[in-house]
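Listed below are the residues making up each chain.
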Amino acid sequence: MRRLTVREERWPLREPFVISRMRQDEAEVVVVEIEADGCRGRGEADACLDGPDAAPVALTVEAVREAVEAGAGRAALCRMMPAGPARNALDCALWDLEAKQAGRPVWALAGLTAPGPVTTVLTIGLGTPEAMARTAAAEAGRAVLKLKLGRAEGDLDRVAAVRRAAPEARLIVDANTGWGPQLLAEILPGLAALGVALVEQPLAPGADAALLEITGQDRPIPIAADESVTDLASLPALIGRYECVNVKLDKTGGLTEGLALVAAARKAGMGVMIGCNLGTSLAMAPGVLLAQGAEVVDLDGPLLLARDRQPGLVYQASEVLPPDAVLWG
């Protein structure tokens, strides 16, 4: 018989994190632990992702307690629960438990090759051009910087200020649905001139059909879906609109569907970005396995915290190393 434990945790940030539609001062997470046969598997999910009108993540986990403790596996959870953070925490906890019971790492159980270090972005929250440039200057040695944008006034100035402060860094921008089709068409040439390599989710999911009208020379930078891509079922509508998809385990509902979504995106000829929400190394660890070979890796959540879970992932300059089994997997 299994034993399921669910708890909520709060992890303060180094500084407030601002995007186009919200500000966070701490990471609010839900941790799931599943114990069986003297082994314990853990998973972590964002407690805030579904918004104020959604059922709390911890309560959604509690709703399937009986099934999980009776032995429901990952495939059963995919049938019982919608994609989202609650299923992510359970799915990743089950992967961790299965690995510990089998005495084999998750990557081997999943049929993957042994993981190596991956290069992660460092995200700079939305602020004034001067404030974002100061952060960029302090992090100018990072290989990739991701800039939060999404306020039409001054966004190009923000990117220009960061480019001056970090001339060698690869730049990615994320508008978090904050632009409209006309602004996107107008700003793309300027972003290209500043060497921006990728634009993430410029339009709201309901407006992204407009991307079909921005083609050829008018589209000098590839565009990645984030809010528009959730689980496997959301992918077909994105083909032809986006060049890349941002796969986040809190959206897919765990590593199980995350692996399937990455495979489907590759089959469709799309690039892959592996992203994250705010959280500790426990939330990032499964993403490191998923990130092997991804064009863009955004697993910087622990770098934004005032302190991380211990033991945590090891970050060396711009690289993050695969997780130790003590942490996960």
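Residues numbered from 1 in each chain as written. Predicted model: local features only at pLDDT ≥ 70, side-chain atom pairs only at ≥ 80, totals over all residues. Heavy atoms only, no water.

Asks: Mind showing me how you'd approach the pairing of strand β1 (residues 3-19) here?
Replies: Looking along a regular strand, one sees side chains alternate from face to face of the sheet. As paired strands, β1 and strand β2 (residues 22-36) are joined by 13 bridges and run antiparallel to one another. Paired with Glu8 across the two strands is Val30, which belongs to β2. Hairpin connection from β1 to β2: 2 residues lie between these consecutive antiparallel strands. (Pairing = 2+ DSSP bridges. Helix = DSSP H or I, 4+ residues; strand = E, 2+ residues; numbered from the N terminus.)

Asks: Is there a simple way to think about the environment of Thr123 in this case?
Replies: Note on placement: Thr123 falls in strand β5 (residues 122-124). Accessibility expressed as a relative area gives 7% for Thr123, which makes it buried. In this structure, the C-alpha to C-alpha distance between Thr123 and Val31, residues 92 residues apart in sequence, is 24 Å. Contact partners of Thr123, with chain neighbours within four places excluded, come to Phe17, Lys146, Lys148, Asp298, Asp300 and Leu304. (Buried < 20%, exposed > 50% of the residue type's maximum accessible area, 1.4 Å probe, protein only. Contact = heavy atoms within 4.5 Å.)

Asks: Help me understand the sheet that holds strand β3 (residues 39-46), please; the structure alone is not making it clear to me.
Replies: Consider a sheet: its strands pair through backbone hydrogen bonds, and that pairing is either parallel or antiparallel. Spatially, the 3 strands line up as an open sheet ordered β1-β2-β3, and their pairing is antiparallel. Only two strands of the sheet have a single partner each, and these edge strands are β1 and β3. Between one strand axis and the next, the sheet turns by 20° as a mean value, whatever way the strands run. (Axes fitted to C-alpha atoms, helices over the stretch in contact; angles between N-to-C directions.)

Asks: Got a minute to help me understand the side chain of Glu139 in this structure?
Replies: Position of Glu139 among the secondary structure elements: in the loop between α6 (129-138) and β6 (144-148). Assessed through its relative accessible area of 16%, Glu139 is described here as buried.

Asks: I would appreciate a short explanation of the side chain of Glu9 in the present structure.
Replies: Relative to the helices and strands, Glu9 is located in strand β1. Among the polar contacts listed, one links the side chain of Glu9 to the side chain of Arg7, at a separation of 2.8 Å. A polar atom in the side chain of Glu9 sits 2.9 Å from the side chain of Arg309. Aside from chain neighbours lying at most four places away, what touches Glu9 is Ala27, Glu28, Val29, Val31 and Arg309. (Polar contact = N/O pair within 3.5 Å; in protein donor to acceptor, adjacent residues only side chain to side chain.)

Asks: Which parts of the structure should I look at to understand the sheet that holds β5?
Replies: Strands sit in the order β5-β6-β7-β8-β9-β10-β11-β12 across an open sheet of 8 strands; the sheet is parallel. Single-partner strands in this sheet number two, and they are β5 and β12 (296-297). The sheet contact formed by β6 and strand β7 (residues 170-174) spans 5 bridges and is parallel. Looking at the pairing, Val144 lines up with Arg170 of β7. Here helix α7 (residues 155-165) sits on the sheet and contacts β6, β7 and β8 (196-200); the angle it forms with β7, its principal contact strand, is near 160°.

Asks: Whenever I open this one, the nonpolar core confuses me. Can you help?
Replies: Looking at soluble globular proteins, one finds that nonpolar side chains tend to be buried together. In terms of nonpolar packing, the biggest core is built from 74 residues, with Leu145, Leu191, Val199, Val245, Ile274 and Trp328 touching the most fellow members. It is helix α11 (residues 281-290) that contributes the most residues to this core, 6 residues altogether. Residue contacts for Trp328: discarding those within four places in its chain leaves Arg42, Cys92, Trp95, Asp96, Lys100, Val106, Leu255, Leu282, Ala285, Pro286, Leu289 and Pro323. (Core = buried A, V, L, I, M, F, W, Y, C linked by side-chain atoms within 4.5 Å.)

Asks: I would appreciate a short explanation of the environment of Gly258 in the present structure.
Replies: You can see Gly258 is positioned in helix α10 (residues 255-267). Judged by relative accessible area, Gly258 falls into the buried class, the value being 0%. Separated by 29 residues in sequence, Gly258 and Gly287 have C-alpha atoms that sit 8.9 Å apart. Aside from chain neighbours lying at most four places away, what touches Gly258 is Val247, Leu249, Thr252 and Leu290.

Asks: Would you explain unusual backbone geometry in this entry?
Replies: Peptide bonds are, in most cases, trans, and in most cases residues other than glycine have a negative phi. The amide bond that connects Gln310 to the next residue, Pro311, takes the cis arrangement and shows omega of -5°. Tracing the backbone shows Pro311 in the loop between β12 and β13 (315-316). Here the phi dihedral of Asn176 falls at roughly 50°; this positive angle occurs in a residue that is not glycine. Take Asn176: its relative accessible area is 3%, and that puts it in the buried class. Positive phi, normally seen in glycine, also occurs at Thr177, with a value near 70°. As for its position among the elements, Thr177 is in the loop between β7 and α8 (181-193).

Without other data, these values stay purely geometric and don't point to any function.
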